[in-house]
Amino acid sequence: KQEVTQIPAALSVPEGENLVLNCSFTDSAIYNLQWFRQDPGKGLTSLLLIQSSQREQTSGRLNASLDKSSGRSTLYIAASQPGDSATYLCAVILRNAGNMLTFGGGTRLMVKP
Amino acid sequence: GAGVSQSPSNKVTEKGKDVELRCDPISGHTALYWYRQSLGQGLEFLIYFQGNSAPDKSGLPSDRFSAERTGGSVSTLTIQRTQQEDSAVYLCASSLTWNSPLHFGNGTRLTVT
């Protein structure tokens, strides 16, 4: 059974700091990996999707990398801002799981002004 | 609308009653997912629809839960004889294809008293 783990569970940083969120998964036979952001009381917003054949994706101040062989992905946030405060979740689609997304538990990020 | 719409946004029901939760996906999206998020917990997969294929119901927690997707568009999640442990936020998501970014609705917060 695929397990997706996100460390740390919570993170507090001062504004302006560059930071890295980690996601690990136990089964490397994935189709893609997605990073999401969830604000309190809201649904999830897709940030980046990395196909299994790709190594990284960038969008603005966000950069996500994927290393399938080691079962890891990182989300890099440059020059963090208070508006980045949210819970960040990663999810993978397994090749042998009927296209179901398996989510990590999330990292709750607080960026202090 | 531009996004995934879920209704109602909040539902309070008495134990033992049946409830129906509705999801309007983005027009043209072939894939539709239902997830459940309990307080302080991660996302739990419930059911997945892809085009005209038989749905993946492997995540439904009991036979009190059922879902349908009519005409490849609107989906309804039905919970019969609700129990207090059914209290959670029920999230719907859709994607253009199974390998595309997911778009989530804001969820229905279900409280069973």
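Structure shown above.
Residues numbered from 1 in each chain as written. Chains lettered and ligands numbered in written order. Predicted model: local features only at pLDDT ≥ 70, side-chain atom pairs only at ≥ 80, totals over all residues. Heavy atoms only, no water.

### Quick look at the nonpolar core
Going by this rule: Here, nonpolar core refers to any group of buried Ala, Val, Leu, Ile, Met, Phe, Trp, Tyr and Cys residues whose side-chain atoms link them within 4.5 Å. Burial status follows relative accessibility: with a 1.4 Å probe on protein chains alone, a residue under 20% of its type maximum counts as buried, one over 50% as exposed, and anything between as partly exposed. Each helix is a run of H or I in the DSSP string that is no shorter than four residues. Each strand is a run of E no shorter than two, and both are numbered from the N terminus. It only takes one pair of heavy atoms within 4.5 Å for two residues to be counted as in contact.
With 23 residues, the main nonpolar core has Leu33, Trp35, Leu75 and Ile77 of chain A as its most contacted residues. Among the elements of the structure, strand 3 (19-25), strand 4 (30-38), strand 5 (44-51), strand 7 (62-67), strand 8 (72-77), strand 9 (86-94) and strand 11 (107-112) of chain A are those that each provide at least two residues to this core. Ranked by residue count, the leading element in this core is strand 9 of chain A, at five residues. In this structure Leu75 of chain A touches Leu19, Val20, Leu21, Trp35, Leu47, Leu48, Leu62, Asn63, Ala64 and Tyr88 of chain A, once residues within four positions along its chain are discounted. Of all hydrophobic cores here, the second largest spans 20 residues; its members include Leu32, Leu46, Phe49 and Leu77 of chain B.

### A closer look at unusual backbone geometry
Following Ile7 of chain A, the chain continues to Pro8 of chain A via a peptide bond in cis, the omega torsion being 0°. Ser7 of chain B connects to Pro8 of chain B through a cis peptide bond whose omega is -10°. Its location among the elements puts Pro8 of chain B in the loop between strand 1 (5-7) and strand 2 (10-13). Its identity as a non-glycine residue notwithstanding, Ala79 of chain A has a phi of 45°, on the positive side. A positive phi angle, close to 45°, is found at Arg81 of chain B, a residue other than glycine. Mapped onto the elements of the fold, Arg81 of chain B is located in the loop between strand 7 (75-79) and strand 8 (88-95). The class for Arg81 of chain B is partly exposed, based on a relative accessible area of 42%.

### Notes on the pattern of salt bridges
All names here are of chain A. The criterion, for reference: Salt bridges, as used here, are contacts in which a Lys or Arg side-chain nitrogen is within 4 Å of a carboxyl oxygen on Asp or Glu.
Taken as a whole and assessed by the stated rule, the structure comprises five salt bridges over all chains. The shortest N-O distance in the salt bridge between Asp39 and Arg37 comes to 3.0 Å. For Asp39, a relative accessible area of 25% gives the class partly exposed. Judged by its relative accessible area of 17%, Arg37 falls in the buried class.

### Topic: the sheet that holds strand 3 (residues 19-24) of chain B
Pairing between the strands of a sheet is mediated by backbone hydrogen bonds and can be parallel or antiparallel. Residue and element names in this part refer to chain B. Note the threshold: Pairing between strands is defined by DSSP: at least two bridges between the two strands are required. Note on definitions: angles span 0 to 180 degrees between N-to-C directions of axes, and those axes are lines fitted to C-alpha atoms, for helices only across the stretch in contact.
Read from one edge of the open sheet, four strands run 1-3-7-6, paired in antiparallel fashion. Each edge of the open sheet carries a strand with a single partner, namely strand 1 and strand 6 (65-69). Neighbouring strand axes in the sheet, compared pairwise and without regard to direction, differ in orientation by 15° on average. Pairing of strand 3 with strand 7 involves five bridges; the strand directions are antiparallel. Bridge pairing in strand 7 links Arg22 to Thr76.

As far as function goes, none of this settles anything; it's purely spatial.
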